[in-house]
Amino acid sequence: MRTFTLRRARFIALCLLPGVVFVALFTYYPMIRGAVIAFQRYNLFDLTSTPFTGLENFRAVLAEDRFWTALRNTGTWVVVSLFFQFLLGFGLALMLRRHFRGRGLYQAWVFFPWAMSGFLIGLLWRWMFNGQFGVINDLLLKTGLIDQRIGFLATPGWAMTSVIVANIWYGVTFFAIMIMAALQSVPRELYEAAAVDGASRLRQFWHVTLPHIRPTLALIVLLRIIWILNFPDLIYSMTGGGPAGSTDIITTFLIQQVIGGDYGRAGAVGLLILGLLLAFSVFYLNATRFEKAR
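Residues numbered from 1 in each chain as written. Predicted model: local features only at pLDDT ≥ 70, side-chain atom pairs only at ≥ 80, totals over all residues. Heavy atoms only, no water.

### Describing the environment of Pro18
So, point 1. The topology assignment puts Pro18 in helix α1 (residues 2-37).
So, point 2. Exposure remark for Pro18: the relative accessible area of 53% places this residue in the exposed category.
So, point 3. Through-space distance from the C-alpha of Pro18 to that of Gln132 is 52 Å; in sequence the pair is 114 residues apart. (Helix = DSSP H or I, 4+ residues; strand = E, 2+ residues; numbered from the N terminus. Buried < 20%, exposed > 50% of the residue type's maximum accessible area, 1.4 Å probe, protein only.)

Here it is as structure tokens:
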């Protein structure tokens, strides 16, 4: 019996070994190496000397005005995108929960954006917001809402609005999928009992639906905040962080450090992002009492 158990354990270990090696090699090693580089003077164009410099990279990053601009933009990017994604996604989930003709086709159409890459979506919206021949300018002109074409991606205020609109369109699907799944887990008996007690649809939603799906909402909001903050693909393909850094967020700022060859500063920015996300996650979970809600 013992021999059989040892053989089985070895077999399981051998099956898991390729996956463990792959994850260690392509996930944990780069993460650890990046953390070490953050404390070195590591420039891609001068690798003859990479001494440890302590917190020099962190001081250099925090002294840059572009970093603080990117941080402020990140707050706007996350808060506005999340608000409208959640609101519209919740509304879609409530509608898609109902049975109607063509429901499956409509669901497929709503969920389609989630199957596309962020970079590709950015390219599509870049063409739509094009100041010369974009479809959005064309529609606004034909409806009489504007008198002349707007350079959406060339004007600082409009550029941030444009990337947020694109991100809202992309992220609504995530909330619609997750919230619809959560709504389907609410027992129908609870609604029937509430209806017998004379509760209106609004009171049923407030006192039955929301309490039951609150833990799920808390989790998906946290996940979406993390994903939005770590979603430079769309911005980079639409504006590259411009014009004049007006659409830079902290992750596009990191990409610019990498492109510039300063891996030390890029590592420092990466650790700052990790620390920011960890601090926010702890605060958020405590504020929402996630464990108690479960």
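### Some details on unusual backbone geometry
So, point 1. With an omega dihedral of -5°, the bond running from Gly242 to Pro243 counts as a cis peptide bond.
So, point 2. Assignment of secondary structure puts Pro243 in the loop between α10 (232-238) and α11 (250-259).
So, point 3. For Ala244, which is not glycine, the phi dihedral falls at a positive 55°.
So, point 4. On the secondary structure map, Ala244 appears in the loop between α10 and α11.
So, point 5. Residue classification places Ala244 among the exposed residues on the basis of a relative accessible area of 85%.

### Things to note about the UniProt feature "transmembrane region" (unreviewed entry) in the protein chain
So, point 1. According to UniProt, the feature "transmembrane region" (unreviewed entry) maps to residues 12-32, 75-96, 108-128, 158-183, 204-229 and 266-285 in the numbering used here.
So, point 2. Segment residues 12-32 splits into 100% helix and 0% strand. End C-alpha atoms: 27 Å apart.
So, point 3. When the span residues 75-96 is considered, its composition is 100% helix and 0% strand, and the gap between its end C-alpha atoms is 31 Å. (UniProt positions renumbered as here; feature names shortened; annotations may be inferred.)

### Focus: the pattern of salt bridges
So, point 1. A complete count under the given rule lists 5 salt bridges for this structure.
So, point 2. In this structure, Glu56 engages Arg41 in a salt bridge whose closest nitrogen and oxygen atoms are separated by 3.4 Å. Here Glu56, found in helix α2 (residues 56-62), pairs with Arg41, found in the loop between α1 and α2; they are 15 residues apart in sequence, far enough to count as distant.
So, point 3. Using a relative accessible area of 34% as the deciding quantity, one classes Glu56 as partly exposed.
So, point 4. Judged by relative accessible area, Arg41 falls into the partly exposed class, the value being 41%.
So, point 5. Across the pair Asp138 and Lys142 runs a salt bridge whose closest N-O atoms are separated by 3.3 Å. Residue Asp138 and its partner Lys142 are located together in helix α6 (residues 135-142), separated by 4 residues, close to a single helical turn.
So, point 6. Overall, Asp138 belongs to the partly exposed group, its relative accessible area being 26%.
So, point 7. Classification of Lys142 as exposed rests on a relative accessible area of 65%. (Salt bridge = Lys/Arg side-chain N within 4 Å of Asp/Glu carboxyl O.)

### Things to note about the side chain of Thr209
So, point 1. You can see Thr209 is positioned in helix α9 (residues 201-229).
So, point 2. If near-sequence neighbours (up to four positions away) are discounted, Thr209 is found in contact with Leu183, Tyr191 and Gln204. (Contact = heavy atoms within 4.5 Å.)

### Topic: the layout of surface pockets
By rolling a water-sized probe across the atoms, one finds the places where empty space is left.
So, point 1. Taken as a whole, the largest pocket holds about 660 Å³ of empty space.
So, point 2. Forming the walls of the largest pocket are 17 residues, and the residues nearest its centre are Arg97, Arg188, Tyr191, Arg201 and Gln204.
So, point 3. Among the elements that make up the lining of the largest pocket, the one with the highest residue count is α9 (5 residues).
So, point 4. Grouping the constituent residues of the lining of the largest pocket by class yields 7 nonpolar, 4 polar and 6 charged.
So, point 5. In this model, the second largest pocket occupies a volume close to 480 Å³.
So, point 6. If you trace the second largest pocket, you find 20 residues lining it, with Gly34, Leu254, Ala266, Gly270 and Leu271 closest to the centre. (1 Å grid on protein atoms, 1.4 Å probe; cavity = no way out; pocket = protein on both sides within 12 Å on 5 of 7 lines; lining within 4 Å. Points joined across faces, edges and corners; volume = space filled by probe spheres on them. Nonpolar A, V, L, I, M, F, W, Y, C, P; charged D, E, K, R; others polar.)

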